[in-house]
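Each chain, letter by letter, is given below.
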There are 2 protein chains.
Amino acid sequence: MELIDGNEIASAIVEELTAIVSTYRTSKPCVAFVRVGEDPASVSYVRKKEKTAGRIGIESKLFVFPETISQDGLLQEIDSLNQNSDVHGILVQAPLPDHMDERTVFNFVSPEKDVDGFNATNLGKLCQEDEDAFVSCTPAGIVELIRRKGIETEGKRVVVLGRSLIVGKPVGMLFLGKGSPGNATVTYCHSRTPDLERHTLEADILIAAIGRPRFVTENMVRPGATVIDVGINRIPDETKKSGYRLVGDVDFEKVAPKASYITPVPGGVGPMTVAMLMANTVKAYEKSAAPS
Amino acid sequence: MELIDGNEIASAIVEELTAIVSTYRTSKPCVAFVRVGEDPASVSYVRKKEKTAGRIGIESKLFVFPETISQDGLLQEIDSLNQNSDVHGILVQAPLPDHMDERTVFNFVSPEKDVDGFNATNLGKLCQEDEDAFVSCTPAGIVELIRRKGIETEGKRVVVLGRSLIVGKPVGMLFLGKGSPGNATVTYCHSRTPDLERHTLEADILIAAIGRPRFVTENMVRPGATVIDVGINRIPDETKKSGYRLVGDVDFEKVAPKASYITPVPGGVGPMTVAMLMANTVKAYEKSAAPS
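Residues numbered from 1 in each chain as written. Chains lettered and ligands numbered in written order. Predicted model: local features only at pLDDT ≥ 70, side-chain atom pairs only at ≥ 80, totals over all residues.

A.B. asks: Requested: an account of the interface of chain A and chain B, with residues and values cited.
C.D. replies: Often the size quoted for an interface is simply the accessible area lost on bringing the parts together. On the side of chain B, 26 residues touch chain A, which itself brings 26 residues to the contact. Residue assignment for the side of chain A that touches chain B shows that the elements contributing at least two residues are helix H5 (120-127), helix H7 (168-176) and strand S6 (185-189) of chain A. Split into classes, the residues belonging to the side of chain A that touches chain B amount to nine nonpolar, 10 polar and seven charged. (Contact = placed C-beta atoms within 7 Å. Helix = DSSP H or I, 4+ residues; strand = E, 2+ residues; numbered from the N terminus. Nonpolar A, V, L, I, M, F, W, Y, C, P; charged D, E, K, R; others polar.)

Given below as structure tokens:
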């Protein structure tokens, strides 16, 4: 079994991006972070993204709005960022308050600045295998892990557990495409799939993105499979100061010995998501104008 | 075995649409057909669509351009249709000449008038399960056949043979969604899938969309499966005046006795594609303004 070290691979990407950004002479890429309310997890995620941007030389602007802002009010703010030519990428941190429709808000971000890849146009371009697409960051990060570890996907069987818009659906589409990684036979399973093990046991590459702590157990995994764990779940742990610890959707201790490759939680897919956001921001900058 | 009669179901849809359109008092839906060159199959497809539109009471305008028109020239023509508020739907008949990039042309049609559903934005909205999406007509027609025959999909296994942008990918996404039909476990197979039978033999619903005449044989189909044949292939036939006949991707004579439901070719999915185009045009009209 080999651990897929997401921190190490994400660091390599951050270094590569830093080298690219250092060649830009007259301006730098700029990403706008939009946060609504003070949810502690959102505050911490956005701070982590700001830090990584700073390390690379990407400028970032933080816009914080009160939880009480109306959806129309938020759309107006996004519109002014869409119009602002100094801003190359826009990230609206999820989750949004209950009185908003996330799909409407994400679809309102200009497709050219949609570095999160949540916009319908970018999702469609991903399905079209258009290189111009901004691919949503977690699926892009998963594919990048597979690519950099040199794991073969052509003719292999990929099983995706979960059909979310942000992870499940797009990651399956990426492995189904004609690129490399790609050309896999892809099966989508979810909460309505009976006999889950029947499918997961056939997977050469198993992607768990269902948000249920340690749901994937060793009896569900074929010996020698590659296991990608997208889940980030808090479970109570009295030995920790915080009173909890993070676990994935995979029962790591039991599954790892059977796998050929496996991502840990934390330190697997998570850091890749941030790295791919930065890669998308650099791409948005390069598309916006000839860098100089 | 029960035959799924696409002509009969498409006729029912045409009748329903005719009744709806007859209630519009001051204006009628209008679809623009754009054809480039004189490919006989394209001429015949467009004529069939014009006829069906006429029967429903949908106005149609035909725009024919010479094969030598540049891509930019065609995009300008589409732009003027995008701007024309009397036109509610635009269909650019495929295939386009070799000097054009079909994806670029299809993506240029305004998403609000994209009754063919080939635009990236509509494909993304389909993935987002947005009811506003124009779903491309063949996948929408397949789902409608399944719905009207009352075939259960929840928890069932759907296997899609083919990963095209126009049929394979979107039809799988529709069966994966949370609607009804929907909630299926979906597997995509294609030319790079080894041991195809291993997958197809597990299908409760098998969708063949690979464009290879009579490729699906009886040893690939589970007894009792529903078989949807999307292929339209010409094979030589000396007994016909034309010298050819149409067959699907399924070896109908041999597969039919094993299936519980099966679509014939012709007369299965084909007529549904035209009917769903008309349904999309009525939808575009209703979205464009309050009908009156």
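Once the structure has been displayed, the description carries forward.
A.B. asks: Any chance you could break down the domain arrangement of chain A for me, citing the residues and the numbers?
C.D. replies: What the domain assignment lists for chain A is domain 1 (25-110) and domain 2 (137-270). In this structure, domain 1 of chain A and domain 2 of chain A have C-alpha centres spaced 28 Å apart. (Domains from an automatic or database assignment.)

A.B. asks: So what's going on with the sheet that holds strand S1 (residues 2-3) of chain B? Residues and values would help.
C.D. replies: Strand order in the open sheet made by the 12 strands is S1(A)-S11(A)-S8(A)-S7(A)-S5(A)-S6(A)-S6(B)-S5(B)-S7(B)-S8(B)-S11(B)-S1(B), with mixed pairing throughout. Each edge of the open sheet carries a strand with a single partner, namely strand S1 (2-3) of chain A together with S1 of chain B. Pairing of S1 of chain B with strand S11 (residues 261-262) of chain B, which is carried by two bridges, proceeds in the parallel orientation. Bridge assignment links Leu3 of chain B to a residue of S11 of chain B, and that residue is Ile262 of chain B. (Pairing = 2+ DSSP bridges.)

A.B. asks: Tell me about H7 of chain A, residues and numbers included.
C.D. replies: For the α-helix, the turn length of 3.6 residues means that residues three or four positions removed from each other point alike. Of all nine residues that make up H7 of chain A, nine are buried, and the element is covered over most of its length. Taken residue by residue, H7 of chain A has Gly168, Lys169, Pro170, Val171, Gly172, Met173, Leu174, Phe175 and Leu176 of chain A as its buried positions. (Buried ≥ 20, exposed ≤ 12 C-beta atoms within 10 Å, placed from the backbone.)

A.B. asks: Account for the relation of the copies chain A and chain B, with residues named and values stated.
C.D. replies: Once turned by 180° and shifted 0.0 Å along the axis, chain A lies on chain B with an RMSD of 0.0 Å. Here the two chains are linked by the operation of a two-fold rotation axis. A high fraction, 100%, of the interface residues of chain A reappear at the interface in chain B, so the copies pair face to face through one surface. (Least-squares fit on C-alpha atoms with pLDDT ≥ 70 in both.)

A.B. asks: I'd like a description of the sheet that holds strand S3 (residues 59-65) of chain B, backed by residues and values.
C.D. replies: Residue and element names in this part refer to chain B. Spatially, three strands are ordered S3-S2-S4 in an open sheet, and the strand pairing comes out parallel. Of all the strands in the sheet, just S3 and strand S4 (89-92) have a single pairing partner and so form its edges. Looking at each pair of strands side by side, their axes are set apart by 20° on average, direction ignored. Bridge analysis of strand S2 (residues 30-36) against S3 gives seven bridges, and the strand direction is parallel. Bridge assignment links Arg35 to a residue of S3, and that residue is Val64. (Axes fitted to C-alpha atoms, helices over the stretch in contact; angles between N-to-C directions.)

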